[in-house]
Amino acid sequence: MLFSYDNLYRQYLACRRNKRHTANALKFEARQELNLRELQTALEDRSYSPSRSVCFFVRKPKLREVFAADFRDRVVHHVLVEHLESIWEPLFIHDSYACRKGKGVHAGVDRLQTFLRRVTANGTRPAWYLQLDIRNYFMSIDKQVLFDLLAPRIANDDARWLTRLLVFHDCTRDYVLKGDAKTLSRIPAHKTLFGSGPGKGLPIGNLNSQFFANVYLNGLDQFVKHELKCRHYLRYCDDFVLLAESRQQLLDWRERIRGFLRERLRLELNDGRERLRPVSDGVDFLGYIVRGDYRLVRRRVLGNCKERLHHFERRLVKVGQMATRYSFDAEAVDALAATVASYLGHFGKASARRLCRSLWRRFPFLAEYLALDPLTMRTRVRRKRRRDFHRVAQQYRHFREQFPDDVVFMQVGAFCEFYAVRKTDAPAAGLELKTMRPTRRGARMGFPVGQWPSRLQQILRQGRSVVLVVESGEGLQRLRERVPVARWAIHSGQKGLCSDALR
C-alpha cells in the first residue's frame, strides 16, 4: 500500500541517504518510529499538510532562490515520486536525461556524441544543431496544466489526493528565510516564486519538482519525436538539442516548437539562449564542448574548479617566511578529496589528461593531501587513517613511513616520544635529547609536550620539516588513536623563522 509503514520506512531510508547529518534529519531520526507512525496516520486520514520550507540562495552559476522542504516532507516526496515513476517511466522518451535512473549528465553527453556522428555520417557531411532553452522554466510552470497532465493517469485515490496537494502547495505562504533578506531584492521578479503569480511556479530543490518538470515537458518530447519526426533530439530538463542536415529544417522546427509550447504548456522560448550553428563548431552542452570524436571541458566548469581549489588552499595552507604550514583538518581534507574526485570524474569524460596534470602543477598543495594516479587520473587520500595498530611504536613507524623526510613529534600523554634505536637516528638527530628509562612502549627519547614549540623552532632552523601527531580519541584495544594535525614544510634557503609559521 502507498501509505503503509513498510513503504514509509523504506522511503525514509532512501531520503536520509545523503542527508543523515543535517539538523532536520537528526531531529526526525531521534524519534524515528513515532514520527513515521504519525506521518502514516496523517496521510491515511488526509490531515497531512506540508511543513514550512527553508528559503535560501545559491550564487553558482547565478543567483537564484531555493526552497528546501522539511525532512518529513521529503519522505512524502519520495513516496509519491516512486509511485508516479512506475506510471510515467514507460511513457517518457529514451532521450530525456534529467533526474531519471540510469540517465544523467554523462549519459546525455554520450548520446549527443552518438547523434553527432550519425547526422554527419562520421564527419563526412555537414550538419547543423539547434539548441533551445525555456525562459524561466520552473517559475513559468502552470500548476493547473501540470495537474491536468498528471491526474488522468493516476488510478490510486490516495496518490491523486497527494499529487493535488503537492502540486498546488504554495511554499511562499509559510517559509523560513535563511540568509540576508536584501538578497531577495536582487533577484529579478520573473525569476522568483514571489513574482511568478498565482498558480504558477514550482520550487527548485525538491524531488517532486524535478519529477513534475519532466512530466510537464514530456508532451514536448512526444511532439518533437512523433509530429516533427526529429530523429536526433535529446533533452536535459529545459535545455534541449535538435540536429539535422538542413539549417532551414531546424528553423521550421523551432517555430513549430514555439507554437506548441505557447499553446499547450503556456511557456516561451528563451531567445537569448538559442544557438543555431554547424555541428563542426561543437555543442556547448552539460558542461562540455561536444564534438563527434572528442569533447572538452567547458571553461566555466574549469573556472569553478579553480575557485574551489583556491578556497581549500586558503583554508588548509598558511605560508610563513621560513616554513609552510599544512593543516590536516579531517573535515576539510575529506571535503577536498570529495571535490577533487568529483571534478576529476567530470574531466575524465573529456579529453582532459593534460588539464588534470596542469591543475596539479598549478595547485602544488594538492600533493600534500592527495595522490594522483597518472594513468587513471584518479586520486586517493595520502594520509589515510589506520585503526589496526596494537602498540604505540607501530603508530610511530606508520607516521615515519608517511613522512620519511620529516621529524615526527608524536604525543603520548604529556610527552612527545621517539622510538629510534640510537640517539643519532634521523627523527631525534639535532634535538639533544636525553635517553629515557626503558618503557613498555619501547620509547628511548622524549620531551614534555609543553616544549614542542621551542623544539619546532630548533628543527626548522636546521632546515628540516616537522609533523605534529596528537591523540584524538580511543581506538582499538584501548590504544588511543593519533592523527597528524599539521606539517611545517621548510622553505629552501631560509634561515630566519617567521612566528606565523608556528601558529
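Numbers given to residues run from 1 along each chain, matching the order in which its sequence is written. It should be noted that, the model being predicted, local features are given only for residues of pLDDT at least 70 and side-chain atom pairs only at 80 or more, the latter also being counted only at that level, while totals for whole chains, interfaces and linings use all residues. Only hydrogens and water are set aside; all other atoms, that is, all heavy atoms of the structure, feed into the side-chain values.

Condition: UniProt positions are given in the numbering used here, feature names are shortened, and annotations may be inferred rather than shown by experiment.
Taking an unreviewed UniProt entry as the reference, the protein is identified by name as Group II intron-encoded protein LtrA belonging to Candidatus Accumulibacter cognatus. Among the UniProt annotations of the protein, the heading Sequence similarities (unreviewed entry) holds the following wording: "Belongs to the bacterial reverse transcriptase family."

## A closer look at the packing of aromatic side chains
Put simply, the rule reads: Aromatic contacts are taken between Phe, Tyr and Trp rings whose centres are within 6.5 Å, Trp giving its six-membered ring; a plane angle under 30 degrees counts as stacked, one over 60 as edge-to-face, and the others as tilted. A ring has a charge above it when a Lys NZ or an Arg CZ is no more than 6 Å from the ring centre and no more than 35 degrees off the ring normal.
According to the stated counting rule, one finds 25 aromatic pairs in the structure shown. The structure contains a cluster of three or more aromatic residues connected by ring pairs, namely Tyr326, Phe328, Phe363, Phe365, Tyr369 and Phe403. The ring of Trp128 is capped by Arg247, whose NZ or CZ atom sits 5.7 Å from the centre of that ring.

## Some points on the pairing of strand S15 (residues 407–412)
What counts, and what does not: Think of it in three bands: with a 1.4 Å probe and only protein chains considered, a residue is buried below 20% of the maximum accessible area for its type, exposed above 50%, and partly exposed in between. Numbering goes from the N terminus for both helices and strands, where a helix is a DSSP run of H or I of at least four residues and a strand is a run of E of at least two. The pairing criterion is simple: DSSP has to find at least two bridges between the two strands.
Taking burial as the measure, the six residues of S15 include six buried ones, the bulk of the element. Side chains of S15 alternate between two faces, with Val407, Phe409 and Gln411 and Val408, Met410 and Val412 buried alike. As paired elements, S15 and strand S16 (residues 415–418) share three bridges and run antiparallel to each other. Each bridged residue has a counterpart across the sheet, and for Met410 the counterpart in S16 is Glu417. Between the end of S15 and the start of S16, which pair antiparallel, lie two residues, with Gly413 showing a positive phi angle near 65°.

## Description of the sheet that holds strand S7 (residues 275–278)
Put simply, the test is: Only the contacting stretch of a helix is used when fitting its axis, a line to C-alpha atoms as for every element, and angles between N-to-C directions run 0 to 180 degrees. Here, residues are in contact when the closest pair of their heavy atoms is within 4.5 Å.
On the basis of which strands lie adjacent, the open sheet formed by four strands has the order S5-S6-S3-S7 and antiparallel pairing. For this open sheet the edge positions go to strand S5 (232–236) and S7, each flanked by a neighbour on one side alone. On average, each strand axis in the sheet is tilted by 15° relative to the strand beside it, whichever way the strands run. Sheet topology note: the S5/strand S6 (residues 239–244) ladder contains five bridges and is antiparallel. Considered in S6, the bridge of Arg235 is made with Phe240. Relative to S5, helix H5 (residues 105–119) is tilted by about 165°, and along the sheet it contacts S5 and S6.

## Here's the deal with the domain arrangement of the protein
Threshold: Domain borders in the structure are assigned automatically or taken from a domain database.
Per the domain assignment, the segments making up the protein are domain 1 (47–290), domain 2 (298–381) and domain 3 (392–490). Relative placement of domain 1 and domain 3: their C-alpha centres are 58 Å apart.

## Looking at the sheet that holds strand S1 (residues 53–58)
An order of S2-S1-S4 is seen for the three strands of this open sheet, with the pairing classed as mixed. The open sheet terminates on both sides in strands that have one partner only, identified here as strand S2 (64–68) and strand S4 (175–177). Direction aside, the axes of adjacent strands within the sheet are offset by 30° on average. Where S1 lies against S2, five bridges are found, and the strand directions are antiparallel. Bridge pairing in S2 links Val58 to Arg64.

## Side note on the side chain of Glu65
Rules: In this charge count, Lys and Arg are treated as positive and Asp and Glu as negative; neither His nor the chain ends contribute. Here, a salt bridge means any Lys or Arg side-chain nitrogen found within 4 Å of an Asp or Glu carboxyl oxygen. Think of a polar contact as two N or O atoms within 3.5 Å of one another; within protein, one of them needs to be a possible hydrogen donor and the other a possible acceptor, and neighboring residues in sequence only count if both atoms come from side chains.
Locating Glu65 in the fold gives a position in strand S2. Buried charged residue Glu65 carries no salt bridge. Nearest counter-charge: Arg64, at 9.8 Å. Looking at Glu65, its side chain comes within polar contact range of the side chain of Thr192, at 2.6 Å. Within the structure, the side chain of Glu65 is placed 2.5 Å from the backbone nitrogen of Leu193, a separation counted as a polar contact.

## Considering the side chain of Gln40
Locating Gln40 in the fold gives a position in helix H3 (residues 32–44). Among the polar contacts listed, one links the side chain of Gln40 to the backbone oxygen of Phe3, at a separation of 3.4 Å. Contact partners of Gln40, with chain neighbours within four places excluded, come to Phe3, Ser4, Tyr5 and Leu8.

## Brief notes about the pattern of salt bridges
Counted under the stated rule, the structure contains 25 salt bridges. A salt bridge links Arg258 to Glu255; the nearest nitrogen and oxygen atoms lie 3.4 Å apart. In this pair, Arg258 and Glu255 are both assigned in helix H11 (residues 247–265), three residues apart and thus about one turn of the helix distant. The partner of Asp284 in a salt bridge is Arg298, and the shortest N-O contact between them spans 3.3 Å.

## Focus: a positive patch on the surface
Note the following rule: Surface patches are defined over residues having more than 30% relative accessible area and no salt bridge, joining like charges when they lie within 9 Å and nonpolar side chains (Val, Leu, Ile, Met, Phe, Trp, Tyr) when within 5 Å. For the area figures, the Shrake-Rupley method with a 1.4 Å probe applies, and any residue is considered shielded solely by the protein chains shown. To locate a charge, take NZ of a lysine, CZ of an arginine, CG of an aspartate or CD of a glutamate.
A grouping of Lys62, Lys191, Arg273 and Arg300 is seen on the molecular surface, where their side chains present a positively charged patch. Here Lys62 shows up in the loop between S1 and S2. By relative accessible area, Lys62 is classed as partly exposed at 38%.

## A word on unusual backbone geometry
The phi angle at Arg46 is positive, at roughly 60°, despite the residue not being glycine. According to the relative accessible area criterion, Arg46 is partly exposed, its value standing at 39%. Within the chain, Lys229 stands out as a residue other than glycine whose phi angle is a positive 60°. Here Lys229 falls in the exposed class, since its relative accessible area comes to 59%.

## As for the UniProt feature "domain: Reverse transcriptase" (unreviewed entry) in the protein
The positions that UniProt labels "domain: Reverse transcriptase" (unreviewed entry) are, in the present scheme, residues 1–290. Helix makes up 46% of residues 1–290 and strand 14%. Its end C-alpha atoms lie 45 Å apart.

## Structural notes on H5
At 3.6 residues per turn, the α-helix brings residues three or four places apart onto the same side. Counted only if it meets this: Helix span is expected to be 1.5 Å times the residue number reduced by one. Here, the arc refers to the directions that run from the helix axis to the C-beta atoms.
Compared with the 21 Å implied by 1.5 Å per residue over 15 residues, the 21 Å span of H5 between its first and last C-alpha is a close match. Of all the residues in H5, the buried ones are Gly108, Val109, Leu112, Gln113, Phe115, Leu116 and Val119. On an axial view of H5, the arc spanned by its buried residues comes to 160°, and they lie on one face. The inward-facing, buried residues of H5 abut S5, S6, strand S8 (283–285), strand S9 (288–290) and strand S10 (295–297). Directly beyond the C-terminal end of H5, a positive phi value near 50° is found at Ala121.

## Comments concerning the packing of helix H7 (residues 143–150) against helix H10 (residues 207–227)
The packing of two helices is summarised by the inter-axis angle and the distance between the axes. Rule in force here: Oblique is the label for any angle not under 35 degrees, not over 145, and not in the 65 to 115 range, which are roughly parallel, roughly antiparallel and roughly perpendicular in turn.
One way to put it is that H7 packs onto H10 with a least axis distance of 10 Å and a crossing angle of 80°. Our classification of the angle between H7 and H10 gives roughly perpendicular. Residue-level inspection shows Val145, Leu146, Leu149 and Leu150 of H7 in contact with H10, the latter providing Phe212, Val215 and Tyr216.

## Overview of the environment of Arg72
Note on placement: Arg72 falls in helix H4 (residues 71–88). We classify Arg72 as partly exposed; its relative accessible area is 22%. Taking C-alpha positions, Arg72 is 40 Å from Glu274, a pair spaced 202 residues apart along the chain. Excluding anything up to four places from it in sequence, Arg72 contacts Phe28, Leu39, Ala42, Tyr48, Ser49 and Ser51.

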